[in-house]
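Now for the letters of each chain:
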Amino acid sequence: MINKDKEQIAIDRKLPQQYEHLIDQMQYTTLLNICLEVLGKQGTVQSVTDGTIKMGNWGEHKEIHISLDNLVRKCKNADAAEWEEIITLHFSKFPTNEAALNYIYKDYEFASKLLKILIKPNGSFRKIEDQLIYRVDFPGTQSYLVIDFDDKFHFVNSQHINEWEQSINDLFLDALANTAEEKMEIARIDLDEESEVFAFFSGDYAASYMIDLQQNAPFAVGEMGAIVVIPTKGAAFAYPINDERIMEFIASFNPLIEKIYNEDEYPITDDYYWYYNGKYEQFPVQTDEKNHSFITIPDRLIILLAINNNNDDEDEDDE
């Protein structure tokens, strides 16, 4: 507890479990102290709980919750002497132009051009999740509707869309169309003479770009769909499935995925997904008797592989 303006403020300084693989307790304490000092000059710190700072009287915001996830990852990759500058710059981008946003929420013709989709891990907004507009495209994640404006993401609140008079489905269709127009760097990686994987890189929307994979990158979809991985918002990978060498690909590619997922500032998930007929299914993860986790192939894909192999055998017999 700290005393500020004669009010008792609850400060939880314990290193959150989700950060244990990134920084230690001493580093977290240092980072948190800098955050509190910087934020204390901009508004009223009300509490700190499990890596989330609750602020009041911040600009036009009566109350706002700030997660330290991105800052922890930014500071992890920087020298401790640079942390104060990184944190100060990070929070300097937070104040929102409320007047401009209010106009956007009243004029859908203008707003429709700013809508995008941002994928976050489940539980990213536990306290306000029911207030935001999202859907599930990749199991275990949530695809949020955001307004990309003033170099910031403004997560669309369910109360904001009343005057737009648009269905949720139409909002996502417009957001998908805008996301598809984002600049995307695409690299083709030849694994051998018969197989390849495509890498997609973008500052913010590589993972979101994969939602409509058939429309945005049909070359990355094979006869039986594709394996898709979205370790971060800015990096995604698609492996066209044309034969049964699925687990070989995952085994060879997984070290890279784990590295990107664990080191990036904006991780999403290290799970693997099967894209087929416009939908995603998660590759199941099971545990053996020694408590070791391993990835398995979705049942529907196993059936599809068996059918494909039978067809190949029949073609060979015909020859």
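Residues numbered from 1 in each chain as written. Predicted model: local features only at pLDDT ≥ 70, side-chain atom pairs only at ≥ 80, totals over all residues. Heavy atoms only, no water.

> I'd like a rundown of the pairing of strand E8 (residues 141–149), residues and numbers included.
Here E8 lies mainly inside the structure; seven of its nine residues are buried. The pairing of strand E6 (residues 115–121) with E8 spans seven bridges and is classified as antiparallel. Bridge assignment links Ile119 to a residue of E8, and that residue is Ser143. Sheet topology note: the strand E7 (residues 134–135)/E8 ladder contains two bridges and is antiparallel. Across the sheet, residue Tyr134 finds its bridge partner in E8, namely Tyr144. (Buried < 20%, exposed > 50% of the residue type's maximum accessible area, 1.4 Å probe, protein only. Helix = DSSP H or I, 4+ residues; strand = E, 2+ residues; numbered from the N terminus. Pairing = 2+ DSSP bridges.)

> Please set out helix H9 (residues 246–263) residue by residue, giving values where relevant.
An ideal rise of 1.5 Å per residue puts 26 Å on 18 residues; H9 measures up with 25 Å between its terminal C-alpha atoms. At Phe253, H9 is deflected by roughly 45°, the largest bend along its length, and proline Pro255 occurs up to four residues later in sequence. Regarding H9, the residues found buried are Ile246, Phe249, Ile250, Phe253, Ile257 and Ile260. (Expected span 1.5 Å × (residues − 1). Bend = angle between axes of the 7 residues up to and from the residue.)

> So what's going on with unusual backbone geometry? Which residues, and what values?
With phi around 55°, Glu165 is a residue other than glycine that occupies positive phi space. Note on placement: Glu165 falls in the loop between strand E9 (152–155) and helix H6 (168–180). Of the residues examined, Glu165 reaches a relative accessible area of 72% and is grouped as exposed. You will see that Asn277, though not glycine, has its phi angle at about 55°, which is positive. Looking at where Asn277 falls in the secondary structure, it is placed in the loop between strand E14 (272–276) and strand E15 (279–282). Exposure remark for Asn277: the relative accessible area of 66% places this residue in the exposed category.

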